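These are the residues of each chain, in order.
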Amino acid sequence: MQDERFALIEEVLKNYPIDGFELWFGHHYFFHPKEVEAGLETMTNWVKRVHKAVKASGKDRELAVLVPANIEWARSLGLDVPEWIRQGIVDVINGQNYYQKIDNLADFRPLLEIAKGTSCRIHAGTNAILNSDRVSGGTIEMIRGVACNYWAQGVDGLYLGQWFAGTNWPYKAPFYEQLREVAYPKLMAPKDKFYMVPTADQTRSRPPTQTAPLPVELKENRPVKFELPIADDLPYWDKQKRVHEVLLRIRLADSTELDRVTFRFNGKELPQSQARKINHLYRMHAPRFRVNNAYWYIYRLDRDHWPRQGKNSIEVTLNKRDPDITPTLKLRDIEIETRYLMGKNYYRSNEDTDLGPAAIARPRA
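Model, not experiment: these values are computed from the prediction.

**Student:** Got a minute to help me understand the sheet that holds strand β10 (residues 260–265) in this structure?
**Tutor:** Within a sheet, each strand pairs with its neighbour through backbone hydrogen bonds, oriented either parallel or antiparallel. Read across the sheet, four strands follow the order β8-β14-β10-β11 without closing on themselves; strand pairing throughout is antiparallel. Edge positions in the sheet fall to β8 (224–230) and β11 (268–269), since each of these pairs with one other strand and no more. By the bridge criterion, seven bridges tie β8 to strand β14 (residues 310–320) in an arrangement that is antiparallel. Across the sheet, residue Val 224 finds its bridge partner in β14, namely Val 316.

Here it is as structure tokens:
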């Protein structure tokens, strides 16, 4: 089987004018669990063979590999990524966490540390699919958030995985706007961004070795804590009079009016008086699929509670739960949204809601 695949690779390298070749390992198992250790050397020799063929077909051609960003997870599949870097048999590592899912928590620093001082480049896998109850494909604000988080880690580039999938077809202006912006973190810095802790969904398969952090059950007087990194330098942009508002959104599933919950953000308790509570106990209609029996808690954070650049902690504590309620309370969603003005002391858009209703402009004849 390996010889057949290698012959196909050689044919592609010989007959197609390409700049390089990618081995797509994804998140699949390649060896029996009892044979993984022995299989590491077998796979390394295979990658070395492909790399040699790529270089023989053109000195400027490169070999890229798509692998899990988690080094230990990759090793459990039979992929010895540090050894590939050490031997210099890969030119680009495309690391990826959740398959086809936007993931603001992906950490590429271990890969960057191993590749330091070598010619191997580390690219962060950036997907465009969310598949939530509100949207299927990620909005431009979500793409900015995850891309800026990855650039902030010092990656050499971004790998746009599954961007041309069905969620973006037919391609419209917002899709091309994402492509134009995603490579330039300075351009995205003073623009709206949307960050979230990944939440599992039931409509898409995922690797069995990794599950989404949310949802998680809440039990009385047992705090649950998550960290969410953001790339925004809010104090800087506030001095430029560009920050409009910052929102923290938390959704609790299987919730009731009787639940008493405390929220802490970066160690500070958020006053309930500043929260807008939205009842989603039952919805007849929803943008995509319904998530009922839930409440949203939405905070418009003041400057004393703004998120800091880097990691931010969100702590949720269930203080009291009606003992007659059978389902357990679940923390389902955590989101931070940063919103900016178009310029210093400018408006949000051509239809700024603070200015009241606006008529739709008609094109001139």
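Next comes the rest of the write-up.
**Student:** Would you explain the side chain of Arg 249 in this entry?
**Tutor:** Inspection of the secondary structure puts Arg 249 in strand β9 (residues 243–253). The buried category is assigned to Arg 249, whose relative accessible area is 10%. One polar contact links Arg 249 to Glu 337, side chain to side chain, over a distance of 2.6 Å.

**Student:** Help me out: how do you make sense of the pairing of strand β13 (residues 294–300) in this one?
**Tutor:** The two faces of a sheet get side chains in turn, since along a regular strand they alternate between them. When you tally the buried positions in β13, you get six out of seven residues, the bulk of the element. As judged from the seven bridges shared by β9 and β13, these two strands associate in the antiparallel manner. Each residue of the ladder has a partner; that of Leu 248, found in β13, is Tyr 299. Across six bridges, strand β12 (residues 275–280) lies against β13 in antiparallel orientation. Paired with Arg 276 across the two strands is Ile 298, which belongs to β13.

**Student:** I would appreciate a short explanation of helix α2 (residues 36–57) in the present structure.
**Tutor:** Two residues of an α-helix separated by three or four positions point the same way, owing to the 3.6 residues in each turn. For α2, with 22 residues, the first-to-last C-alpha span of 31 Å sits near the 32 Å given by 1.5 Å per residue. Val 36, Gly 39, Leu 40, Met 43, Thr 44, Trp 46, Val 47, Val 50, His 51, Ala 53 and Val 54 are the residues of α2 that are buried.

Rules behind the numbers
Residue positions are given per chain, counting from 1 as you read along its sequence in written order. For a predicted model such as this one, the threshold for reporting local features is a pLDDT of at least 70, and the threshold for listing and counting side-chain atom pairs is 80 or more; totals across whole chains, interfaces and linings nevertheless cover every residue. Excluded from the side-chain calculations are hydrogens and water; all other atoms, namely the structure's heavy atoms, are used. Strands were regarded as paired on the criterion that DSSP finds at least two bridges between them. Segments assigned H or I by DSSP are reported as helices when at least four residues long, segments assigned E as strands when at least two residues long, and all are numbered from the N terminus. Relative accessibility under 20% of the residue-type maximum defines a buried residue, over 50% an exposed one, and the middle range a partly exposed one, all with a 1.4 Å probe and only protein chains included. The definition of a polar contact used here is a pair of N or O atoms within 3.5 Å, where within protein one atom must be able to donate a hydrogen and the other to accept one, and adjacent residues in sequence count solely through side-chain atom pairs. Residue count minus one, scaled by 1.5 Å, sets the expected span of a helix.

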